[in-house]
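Structural features, examined
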Amino acid sequence: MIDAANEDNWHYRTFLGEPLEHLAGKLDMKYWSELNKIRLTIANDAEHAELEAADPLTEAATLSKRPSTSDQVLAFLAYIEQCCGIHDGAPPACVVISASHHEYNEERPKKSLGGLTPAAYTKQLVESRPH
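The model shown is predicted, which means the values in this text are computed figures rather than measured ones.

1. What about the overall build of the protein chain?
Counting secondary structure elements, the protein chain contains seven helices and zero strands. Listed by position from the N terminus, the elements making up the protein chain come as α-α-α-α-α-α-α. For the protein chain, long-range pairs separated by at least 24 residues make up 34% of all intrachain contacts whose partners lie at least 6 apart in sequence.

2. As for helix α7 (residues 118–128)
Side chains of residues three or four places apart in an α-helix project in the same direction, reflecting 3.6 residues per turn. Taken as a whole, α7 has its buried residues at Pro118, Ala119, Tyr121, Thr122 and Leu125. Projected down its long axis, α7 carries its buried residues within an arc of 165°, all on one side. Exposed side chains of α7 directed beyond 90 degrees from the buried face belong to Lys123, Glu127 and Ser128.

3. Side note on the packing of aromatic side chains
Scanning the entire structure with this criterion turns up one aromatic pair. Where Trp10 meets Phe15, the ring centres are 5.9 Å apart and the plane angle is 90°; that geometry is what we call edge-to-face. Accessibility expressed as a relative area gives 49% for Trp10, which makes it partly exposed.

4. Brief notes about the nonpolar core
In this structure, Ala60, Leu74, Ala78, Leu113, Tyr121 and Leu125 together form the largest nonpolar core, which totals six residues. Elements supplying a minimum of two residues to this core: α5 (69–86) and α7. Residues within four places of Leu113 in sequence aside, it is in contact with Leu74, Pro118 and Tyr121.

5. Observations concerning the side chain of Lys110
Tracing the backbone through its elements, the reader meets Lys110 in the loop between α6 (99–107) and α7. Only 3.1 Å separates the side chain of Lys110 from the backbone oxygen of Arg108, close enough to count as a polar contact. Each residue touching Lys110, except ones within four places of it in the same chain, is listed here: Tyr104, Gly115, Leu116 and Pro118.

6. Some points on helix α3 (residues 35–47)
The end-to-end C-alpha separation of α3 is 18 Å, in line with the 18 Å expected for 13 residues at 1.5 Å each. Of all 13 residues that make up α3, zero are buried, and the element is exposed over most of its length.

7. Let's talk about the side chain of Thr122
With respect to the helices and strands, Thr122 occurs in helix α7. Reaching out from Thr122, the side chain makes a polar contact with the backbone oxygen of Pro118 at a distance of 2.8 Å. Contacts of Thr122, omitting those with residues within four sequence positions, involve Leu74, Leu77 and Ala78.

8. Some points on a nonpolar patch on the surface
Residues Met1, Leu35, Ile38 and Ile42 make up a contiguous nonpolar surface patch of about 440 Å² in total accessible area. Along the chain, Ile42 turns up in helix α3. What makes Ile42 exposed here is its relative accessible area of 55%.

Cut-offs applied
Residues numbered from 1 in each chain as written. Predicted model: local features only at pLDDT ≥ 70, side-chain atom pairs only at ≥ 80, totals over all residues. Heavy atoms only, no water. Helix = DSSP H or I, 4+ residues; strand = E, 2+ residues; numbered from the N terminus. Contact = heavy atoms within 4.5 Å. Buried < 20%, exposed > 50% of the residue type's maximum accessible area, 1.4 Å probe, protein only. Arc of directions from axis to C-beta. Phe/Tyr/Trp six-rings, centres within 6.5 Å; stacked < 30°, edge-to-face > 60°. Core = buried A, V, L, I, M, F, W, Y, C linked by side-chain atoms within 4.5 Å. Polar contact = N/O pair within 3.5 Å; in protein donor to acceptor, adjacent residues only side chain to side chain. Expected span 1.5 Å × (residues − 1). Patch = residues over 30% accessible without salt bridge, like charges linked within 9 Å, V, L, I, M, F, W, Y side chains within 5 Å. Areas by Shrake-Rupley, 256 points an atom, 1.4 Å probe, with all protein chains shown as cover. Salt bridge = Lys/Arg side-chain N within 4 Å of Asp/Glu carboxyl O.

Shown next as structure tokens:
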């Protein structure tokens, strides 16, 4: 059953599948928990899990409680910030921001961002992340 649940899991197949297969023949069922206990443990763990974004782009795009255009802008700004780190501090050549976007991002504060501009909010968000 564990093999069936992990048939698409490369890490399981590569690192755990064979060692667990060797254990199956050596240990009888008294060493394994009942399936219902395993299910309840997994459910309890999931119920108490805290979700967090894996990268700044996802965090910026999913931070607000109500999706809006500003979320898209924040995600785009986070993407630029991420790319700037890769390109020695400059946005990649494919990123072109028009004057209206500059005004929107740099000069117009937004109530939904606590009175900050999207650029200032994104900068604050990136700087507040643990390194």
